[in-house]
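Next come the chains, spelled out residue by residue.
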Amino acid sequence: MTAPGRPAGATGDGTTFLGMPATAPPGVGHLRGDEPFPAAARRALGDAQLRRNLRHATTTIRDKSGAVIGEVPDWQELRAAGRAIKTDTMARLPELLEQLAAAVTAAGGTVHWAADAVEANRIVADLVRATGADRVMKVKSMATQEIGLNEALEAAGIEPVETDLAELIVQLGRDKPSHILVPAIHRNRAEIREIFLREMPGVDPGLTDEPAALAAAARRHLRETFLSTRVAVSGANFAVAETGTVAVVESEGNGRMCLTLPETLITVMGIEKVIPTWRDLEVFLQLLPRASTGERMNPYTSMWTGVTPGDGPQQVHLVLLDNGRSAVLADEVGRQALHCIRCSACLNVCPVYERTGGHAYGSVYPGPIGAVLSPQLTGVADNASLPYASSLCGACYDACPVMIDIPSILVHLRAEAPHPRAEAATMAAAAYTMDHPALYAAAQRGARLARLAGPRGRGLPPPLSGWTASRDLPAPPPQTFREWWVER
Amino acid sequence: MRIALFVTCLADTLFPEAAKATVRLLERLGHEVVFPEDQTCCGQMHVNTGYPDEALRLVRRHVRVFAPYDVVVAPSGSCVGSVRHQHATVARRAGDERLASRAEEVGARTHELSELLVDVLGLTDVGAYFPHRVTYHPTCHSLRMIRVGDKPLRLLRAVRGLELVELPQAEQCCGFGGTFAVKNADTSTAMLADKMRNVLATRADVCTAGDASCLMHIGGGLSRLRAGVRTVHLAEILASTEADARGAGRDAAGVAR
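1. With respect to the sheet that holds strand S8 (residues 274–275) of chain A
Residue and element names in this part refer to chain A. A sheet is described by the order of its strands in space; here four strands give the open sequence S8-S5-S6-S9, paired in mixed fashion. Only two strands of the sheet have a single neighbouring strand rather than two, namely S8 and strand S9 (300–305). Pairing geometry for strand S5 (residues 238–240) and S8, over two bridges, is parallel. When the sheet's bridge partners are listed, valine 240 is paired in S8 with isoleucine 275.

2. Section: helix H2 (residues 16–28) of chain B
For an α-helix the count is 3.6 residues per turn, leaving residues at separations of three or four pointing the same way. Residue and element names in this part refer to chain B. Taking 1.5 Å as the rise per residue, H2 with 13 residues should run 18 Å; its terminal C-alpha atoms sit 18 Å apart, in good agreement. Burial within H2 is extensive, with ten of its 13 residues counted as buried. Within H2 the residues assigned to the buried category are Pro16, Glu17, Ala18, Ala19, Lys20, Ala21, Thr22, Val23, Leu25 and Leu26. Among the residues trailing H2, glycine 30 stands out with phi positive, at a value near 95°.

3. Quick notes on the domain arrangement of chain B
All names here are of chain B. Domains assigned within chain B are domain 1 (2–120) and domain 2 (133–246). Measuring from the centre of the C-alpha atoms in domain 1 to the corresponding centre in domain 2 gives 22 Å. With 26 residues of domain 1 at the contact, the number on the domain 2 side is 22 residues. Counting only elements with at least two residues in the side of domain 1 that touches domain 2, the list comes to helix H1 (9–13), H2, helix H3 (44–49), helix H5 (77–85) and helix H8 (113–120). Of the residues belonging to the side of domain 1 that touches domain 2, the class tally is twelve nonpolar, nine polar and five charged.

4. Looking at the interface of chain B and chain A
Taken residue by residue, the interface counts 51 residues in chain B and 48 residues in chain A. Of all the elements, helix H12 (residues 185–201) of chain B adds the most residues to the side of chain B that touches chain A, at seven residues. Class assignment for the residues of the side of chain B that touches chain A results in 24 nonpolar, 16 polar and eleven charged.

Rules used in this analysis
- Residues numbered from 1 in each chain as written.
- Chains lettered and ligands numbered in written order.
- Predicted model: local features only at pLDDT ≥ 70, side-chain atom pairs only at ≥ 80, totals over all residues.
- Pairing = 2+ DSSP bridges.
- Helix = DSSP H or I, 4+ residues; strand = E, 2+ residues; numbered from the N terminus.
- Expected span 1.5 Å × (residues − 1).
- Buried ≥ 20, exposed ≤ 12 C-beta atoms within 10 Å, placed from the backbone.
- Domains from an automatic or database assignment.
- Contact = placed C-beta atoms within 7 Å.
- Nonpolar A, V, L, I, M, F, W, Y, C, P; charged D, E, K, R; others polar.

This is how it looks when you write it as structure tokens:
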């Protein structure tokens, strides 16, 4: 057990810690990719079906969300309120977590502190084992994907069953989620039908690719699970420190089944999900549905406070997960990434995400927020290409319902990233040259020598060949502006 | 009005016509343009590529060079954005609070061309003539960093002879992104392909914007495809007059090719 806001390995009582909080450990969970973003993106960009699926899905969500946001006259004030609540929360996170833990405990729940993915996985597996169950049903949750809980449970002989429709598609297809809100966004309905026909026990062989038919097939498949599974695992969208109430918002009702039917409910929650008061939910429950699914009101909002005798799960556990979050909190610029409410609006508006999809980011957190969150959770060196996976167009900042300045964090993290030696030398030389106008003017004249690289620059070496692979270089003008100015 | 030209290193070196057009336009409107010759580069490339410590000397130079002027103009939304939103951050990161506050002062007096014309000089009709079918790409930094809004469009609508056609999905990034274009060349190219598709769909013969950098990207792609559409900086369109068009030895509206 580790106290909140303290590094991994801390034991709490009376110990003084020096140095920075720990980042998420390697070898467990899904925060690190196998290859740098440009290489993974290159492959994804060549997949025409993926490109089409992503363009269609992101455009649809973007339009729907834009329309309902346009209906709210005080949207900008709501965003500012969301940011203010989150800023306040992060400023006193340890105190709020202790308040939350006390409230949950007082209401009959059990609180566990997990310093990292390894600890969290062990806690959950032990809790399931103690019930004697060999199967758990899961509510869609980013935190459990982050820590690789499904793999850890399988290793412990426990079968995890995803009940969110999109997560089920991903699980049945032995695939990885590629979007925070719509994990199977990279699949179209024809592909989903094929996965169901191949992997779903007892599926009707005459299944069509009509969305209603696909949903009905999943419903029949899951109903059996809901009625026969005694343990459920969920994440949390919010947890109210003041009351000890945990909240999950979802669109299908499958989450509600998992949260109400079983005997034991285990919730894994990132420590940044705490909010101070019940009243604060008012702000986020307006922001989240409009920014994420483009709905005016969230369809299924489940909230529970510890145990209610005779109603719902009688064993309620809350696992508070750090896994690098304290390290993020320690960075004055980067900490606002912890404000994220996982709406995925930034993914849907991102021109890079729309073309590469989520798998290219290597982490369960893709898109712009993933490009700032994953490198901070793991340490920038372990995800060094992600801060560069953006053209800094700024669409994410405008779309974020809690006003996270993602472009500024990207630029900040680029300064922390390890740089290629040749690039660093070139950049230092360029800065020196540009700080000496005479040298600078000479370099400008030298730019005309680029003609030597052949017509339109096609003979340039890497990395400049990255430009000329698809774009001509402008012909250098006969005279620079400053030469013209002197002559006129 | 006495206006200092912040030329930007890209326009100075590769796209001098955009800078010369800015000078011609402002002088035609009766203003005095000065060019502080010690200026070089604002350092945006260094900042956005992860080299704020190297950028510091360029920020210091920029602030020193432009501090004496009350009004500064640049033919670039991106470079103005860097001056206005990044310079103070770079200075603070280095612990130089005095430089940061001076950078903020210079930033507040620095205007992108359409901002200068519409907000400071109160103009939308600058007396230009440009008889072409034109589509306008709002560059990301002019749109979302310095928020020029529809100022460039208001200026273009007042240009005589110009047929303005709306660019589909105009607000999507063209994929330039500075060193993004080479570090993530494939993704950048995929974004460019969609931008070019939309430009070609307008059947415009000219694509314009307020940033030479994005135009270099879009124009480089269109040129590679031999698409028959050219890119022209907003300043060049606004500087064009009927007299230019009648001038011997120049093409239709005085725009150098």
